[in-house]
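Given next are the chains, with one letter for each unit.
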Amino acid sequence: MISWMVAASGAVAGTWAIYCLGAQAYHGGLERGVIYRGPVSSRAVALTFDDGPLPGSTDRIAAILEQAGARGTFFFLAQQVEQHPDLARRIATAGHEIAVHGLTHRHLWLQGPRETQRQLQEAKAIIEAVTGRVPRFYRPPWGHFNLAVVPVARLLGLRVVVWSAAPPDYRPPLVAQELQRHMERALRPGAIVDLHDGGPPGRSRALVEALPAVLEKSAELGLPCVSLGEMLDGAR
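Looking up the protein in an unreviewed UniProt entry gives the name Polysaccharide deacetylase family protein, with the organism given as Carboxydichorda subterranea.

A. Quick look at the pattern of salt bridges. Taken as a whole and judged by the stated rule, the model has nine salt bridges. We note a salt bridge from Arg-203 to Asp-51, for which the minimum N-O separation is 2.9 Å. Within this pair, whereas Arg-203 is found in the loop between β7 (192-196) and α8 (205-220), its partner Asp-51 is found in the loop between β2 (46-50) and α2 (58-67), the two being separated by 152 residues in sequence. Because the salt bridges share partners, they merge into one network encompassing Asp-50, Arg-139 and Asp-194.

B. How the structure looks around the pairing of strand β4 (residues 97-102). Counting buried positions along β4 gives six out of six residues, so the element sits mostly inside the fold. Bridge count between strand β3 (residues 73-77) and β4: five bridges; the pairing is parallel. Following the sheet pairing, Phe-74 is matched in β4 by Ile-98.

C. Region of the structure containing unusual backbone geometry. Cis peptide bonds are those with omega within 30 degrees of zero, and the linkage from Gly-52 to Pro-53 qualifies with 0°. Inspection of the secondary structure assignment puts Pro-53 in the loop between β2 and α2. With a phi close to 85°, Asp-51 is a non-glycine residue in the positive phi region.

D. Representation of the packing of aromatic side chains within the structure. All chains considered together, the criterion is met by two aromatic pairs. On the basis of an interplanar angle of 20° and a centroid distance of 5.0 Å, the ring pair of Phe-49 and Phe-74 is categorised as stacked. Placement of Phe-49 in strand β2 and of Phe-74 in strand β3 is noted, with a sequence separation of 25 residues between them. Of the residues examined, Phe-74 reaches a relative accessible area of 0% and is grouped as buried. Pairing Phe-74 with Phe-76 gives two aromatic rings, centres 6.1 Å apart and planes at 45°, and the pair type is tilted. Clustering of aromatic rings is evident, with ring pairs tying together Phe-49, Phe-74 and Phe-76. Across the ring face of Phe-75, the terminal group of Arg-139 is positioned such that the distance to the ring centre comes to 4.3 Å.

E. Quick look at the packing of α2 against helix α4 (residues 85-93). Their axes nearest at 10 Å, the elements α2 and α4 cross at an angle of 15°. As far as their axial angle goes, α4 and α2 are roughly parallel. The handedness of the crossing between α2 and α4 is left-handed. Residues Thr-58, Asp-59, Ala-62 and Glu-66 of α2 form the contact with α4, whose participating residues are Leu-87, Arg-90 and Ile-91.

F. Local environment of the nonpolar core. In terms of nonpolar packing, the biggest core is built from 57 residues, with Leu-47, Leu-65, Leu-120, Tyr-138 and Phe-145 touching the most fellow members. Considering every element that reaches this core, the biggest residue donor is α8, with seven residues. Not counting residues up to four positions away in its chain, the partners in contact with Leu-47 are Leu-65, Gly-72, Thr-73, Val-193, Leu-195, Leu-211, Leu-215, Cys-225 and Val-226. Counting 11 residues, the second-largest nonpolar core is a separate cluster that includes Ala-46, Ala-99, Val-161 and Val-226.

G. Inspection of the confidence of the model for the protein at higher detail. Scored by pLDDT, the protein comes out at a mean of 90, with 91% of its residues at no less than 70. Confidence over residues 1-12 falls short of pLDDT 50; this stretch has zero contacts with residues more than four positions distant or in other chains.

H. Here's a closer look at the side chain of Thr-116. Take Thr-116: it is sitting in helix α5 (residues 113-131). Note on Thr-116: relative accessible area 2%, which makes it buried. Side-chain polar atoms of Thr-116 contact the backbone oxygen of Gly-112, separated by 2.8 Å. What Thr-116 contacts, discounting residues up to four positions off in sequence, is Tyr-19, Leu-108, Gln-111, Asn-146, Ala-148, Val-149 and Val-152.

I. Inspection of the environment of Pro-167 at higher detail. One can find Pro-167 in the loop between β6 (159-161) and α7 (176-185). Taking relative accessible area as the criterion, Pro-167 reaches 4% and is therefore assigned buried. In the structure, Pro-167 is positioned 27 residues away from Asp-194 in sequence and 7.0 Å away in space, judged by C-alpha atoms.

How each quantity is defined
- Residues numbered from 1 in each chain as written.
- Predicted model: local features only at pLDDT ≥ 70, side-chain atom pairs only at ≥ 80, totals over all residues.
- Heavy atoms only, no water.
- Salt bridge = Lys/Arg side-chain N within 4 Å of Asp/Glu carboxyl O.
- Helix = DSSP H or I, 4+ residues; strand = E, 2+ residues; numbered from the N terminus.
- Buried < 20%, exposed > 50% of the residue type's maximum accessible area, 1.4 Å probe, protein only.
- Pairing = 2+ DSSP bridges.
- Phe/Tyr/Trp six-rings, centres within 6.5 Å; stacked < 30°, edge-to-face > 60°.
- Lys NZ or Arg CZ within 6 Å of the ring centre and 35° of its normal.
- Axes fitted to C-alpha atoms, helices over the stretch in contact; angles between N-to-C directions.
- Parallel < 35°, antiparallel > 145°, perpendicular 65-115°, else oblique.
- Left-handed = near helix turned anticlockwise from the far one by under 90°.
- Contact = heavy atoms within 4.5 Å.
- Core = buried A, V, L, I, M, F, W, Y, C linked by side-chain atoms within 4.5 Å.
- pLDDT = per-residue confidence, 0-100.
- Polar contact = N/O pair within 3.5 Å; in protein donor to acceptor, adjacent residues only side chain to side chain.

Written out as structure tokens, the structure is:
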């Protein structure tokens, strides 16, 4: 009896490893079916923001982008969109790109195939209904995959995007000058930069302070900050 239980536990663990860690290796290490960067020929940068919308953060970031003539891509959590629908609509109306980060920030390694499809389908529907925009891109929380998510995203008309650079804007205590250095090092043709407009209160303070100087530096380098759609469609 004990040996049977051990064997069953081993089979479950092996299946989980393939479903999660195998997917991570396949889509992460080999970059199959997932976008990590834009074309170098685009001569542009895509600044992307996760976990919002959040009042006092998302709106301030959007205002800074607009003042610089830049556009961002906001990977919204549907749960946050439901809590702050007016803010979500305002970001969309201002011309920024709206994308999907999930229904909640639940890790994909804790979701089976059916739950993965249910959550992603529901998240896309909520975000589309509130903002009036049809999302084209999806970023899994933490950039982690299971075997179901890329086929499910494709079925829903979503391209899976992670990043080429992830400045540590989530790491406290981080001062604006330090974050600015990290962000400026990420400014390369075709870069997809992962940042955060949501999360714990005050987490985006350094980002808000650093962003104007980073946008100035981007302009000096001749690398305009555009939406993911603009970059990947070759609009620039």
